[in-house]
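A structural walkthrough
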Amino acid sequence: MDFYIGSYTRTGGPGVGKCRLEGDKLSLLCNDPLPNSSYVILNKKQDKLFAICSDPVQASEGGSVASYDLAEGGLRQISRQDTLGAGPCHLCFSPDEKFLYTANYFTGSLSVFAVDEDGKISPIMQHICHEGKSVHPVRQTGPHAHQVTLIPGTNLVCCVDLGLDALMVYQPDEKTGMLKLYSRTDVPGGFGPRHLIHAKHGITYLACEVGNQAISMRWNGEKFDLLQILSTLPEGYEEKNTASAIRLNSDESKVMISNRGHDSIAIYDLDKQGGMKLNSIVKTSGGFPRDFALLDDETMLIGHQEAKLTLEKFVDGKLELVSDLDIKGCICTLIP
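These figures come from a predicted structure and were not determined experimentally.

1. A closer look at the overall build of the chain
Broken down by element type, the chain carries zero helices and 28 strands. Residues classed as buried in the chain amount to 58% of the 336 residues present. Intrachain contacts of the chain at a sequence separation of at least 6 include 46% that bridge at least 24 residues. Within the structure as shown, the chain displays about 14100 Å² of accessible surface, and the carbon and sulfur contribution to it stands at 47%. Positive and negative side-chain charges in the chain, numbering 32 and 42 respectively, have mean positions lying 1 Å apart.

Below is the structure:
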């Protein structure tokens, strides 16, 4: 099985990489040293890869977004455009894949691009900057857009802003792709929302980085209704931690959130009405589990920002290391 990673080149990572899992053995097949590529996605045909980058191409500030042709098994860069926003950290397509959106963390902004049938990205056509702040004296002195994703069953674009403690929802113009603010949902002050994931049964789950909380929500057509809030950490744990990636298992009976600091994954049992119950909090084999991807309900790939890319398996309710690959700063894992 082949899969893709994004990594911090500033800590020795390969940038964008194509990897292989053969049996229990992990290997890096090829890479492009795109600076600090912290998130990658595939198009529906899975013949093009899109990645964000910390460095601009021509602009004096901000980062960029790149696209790659995956023909013949390689990584051939076919376009790269400036986001104008600093710290791009996430991206997604419009439903028809004619437009591409990026979330830019440091400037708290969204960038909008057109994409042609060959995967070539056109220069930026819209840059939306959020305004405001929230209660944390260090992490929330301004907006910090951390994720941009579609709301299922709609063409609405949701931007998760850690700095504002808010989910900003935008309505795109179907012809131009340009975004217009549709609604805003606030979460409790100081939670610092990071990433959300949508279940097919209609519930959305949100990982909050600053407050280390899991939230279940339901989209009501205008905003999100908050249903339940649970901690991602063991009771009494007071050391530094930041919640990170969030994933659903195959039948969506469980949601999982990684903890950076406690170095673990919190697992919750779910019902279809938005109820969550903590199942367990299991330790990972490395430091700072930034992202993870489930191969099945027993096995996962974990990108440890301060360690290695690992293959780990649940055995008697605990994660055990199967194998690893010495990739520094691995912060995104993508299984096609």
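2. Observations concerning the sheet that holds strand β24 (residues 289-294)
In space, the four strands of this open sheet follow the order β24-β25-β26-β27, with antiparallel pairing throughout. Among the strands making up the open sheet, the edge pair consists of β24 and β27 (318-325). Across the sheet, the mean angle separating the axes of adjacent strands is 30° when strand polarity is ignored. One ladder, built from five bridges, connects strand β25 (residues 299-304) with strand β26 (residues 309-315); its direction is antiparallel. Among the inter-strand pairings, L301 is bridged to a residue of β26, identified as L311.

3. Observations regarding the pattern of salt bridges
All chains considered together, the criterion is met by twelve salt bridges. Measuring nitrogen to oxygen at the nearest pair gives 2.7 Å for the salt bridge that ties R194 to E209. With R194 in strand β16 (residues 193-198) and E209 in the loop between β17 (203-208) and β18 (213-219), this residue pair connects regions lying 15 residues apart in the sequence. Look at R194 and you get buried, because its relative accessible area is 4%. Taking relative accessible area as the criterion, E209 reaches 5% and is therefore assigned buried.

4. Here we look at the sheet that holds strand β12 (residues 145-150)
Pairing is antiparallel in the open sheet, where four strands are placed in the order β12-β13-β14-β15. Every other strand in the sheet has two partners, leaving β12 and β15 (179-186) as the edge strands with one partner each. If you compare each strand with its neighbour and ignore which way they point, the axes differ by 25° on average. Pairing geometry for strand β14 (residues 166-172) and β15, over seven bridges, is antiparallel. Paired with Q171 across the two strands is K180, which belongs to β15.

5. Overview of unusual backbone geometry
Positive phi, normally seen in glycine, also occurs at L84, with a value near 70°. Residue N212 is not a glycine yet carries a positive backbone phi of 55°. Within the secondary structure, N212 is located in the loop between β17 and β18. Classification of N212 by relative accessible area gives buried; the value is 8%.

6. Thoughts on the packing of aromatic side chains
Counting across every chain of the model gives four aromatic pairs. Ring centres 5.3 Å apart and planes at 85° place the aromatic pair Y105 and F106 in the edge-to-face group. You can call F106 exposed: its relative accessible area is 59%. Where Y182 meets W219, the ring centres are 6.4 Å apart and the plane angle is 35°; that geometry is what we call tilted.

Thresholds applied
Note that residues are indexed from 1 along each chain, following the sequence as it is written. Owing to the predicted nature of the model, reporting of local features is limited to residues with pLDDT of at least 70; listing and counting of side-chain atom pairs is limited to 80 or more, with chain, interface and lining totals taken over all residues. In computing side-chain properties, one takes all heavy atoms of the structure into account and sets aside hydrogens as well as water. A helix here means a DSSP run of H or I that spans at least four residues, while a strand means a run of E at least two residues long, and both kinds are numbered starting from the N terminus. Each residue gets one of three labels from its accessible area relative to the maximum for its type: buried under 20%, exposed over 50%, partly exposed in between, using a 1.4 Å probe on protein chains only. Only heavy atoms matter for contacts: two residues are in contact if any of them lie within 4.5 Å across the pair. Only the protein chains shown count as covering a residue, and every accessible area follows the Shrake-Rupley method with a 1.4 Å probe. Charge convention: Lys and Arg are scored as positive, Asp and Glu as negative, and His as well as the terminal groups of each chain are ignored. Every charge is mapped onto a representative atom, which is NZ of Lys, CZ of Arg, CG of Asp or CD of Glu. Only strands that DSSP links by at least two bridges are regarded as paired with each other. For helices, the fitted axis covers only the stretch in contact; all axes are lines through C-alpha atoms, and the angles between them, taken along N-to-C directions, range from 0 to 180 degrees. Basic side-chain nitrogens of Lys or Arg form a salt bridge, by our definition, when they fall within 4 Å of a carboxyl oxygen of Asp or Glu. Whether two aromatic rings pair depends on their centres lying within 6.5 Å, for rings of Phe, Tyr and Trp, where Trp uses its six-membered ring; planes under 30 degrees apart make the pair stacked, over 60 edge-to-face, and the rest tilted.

So yeah, pure geometry; function would need other evidence.
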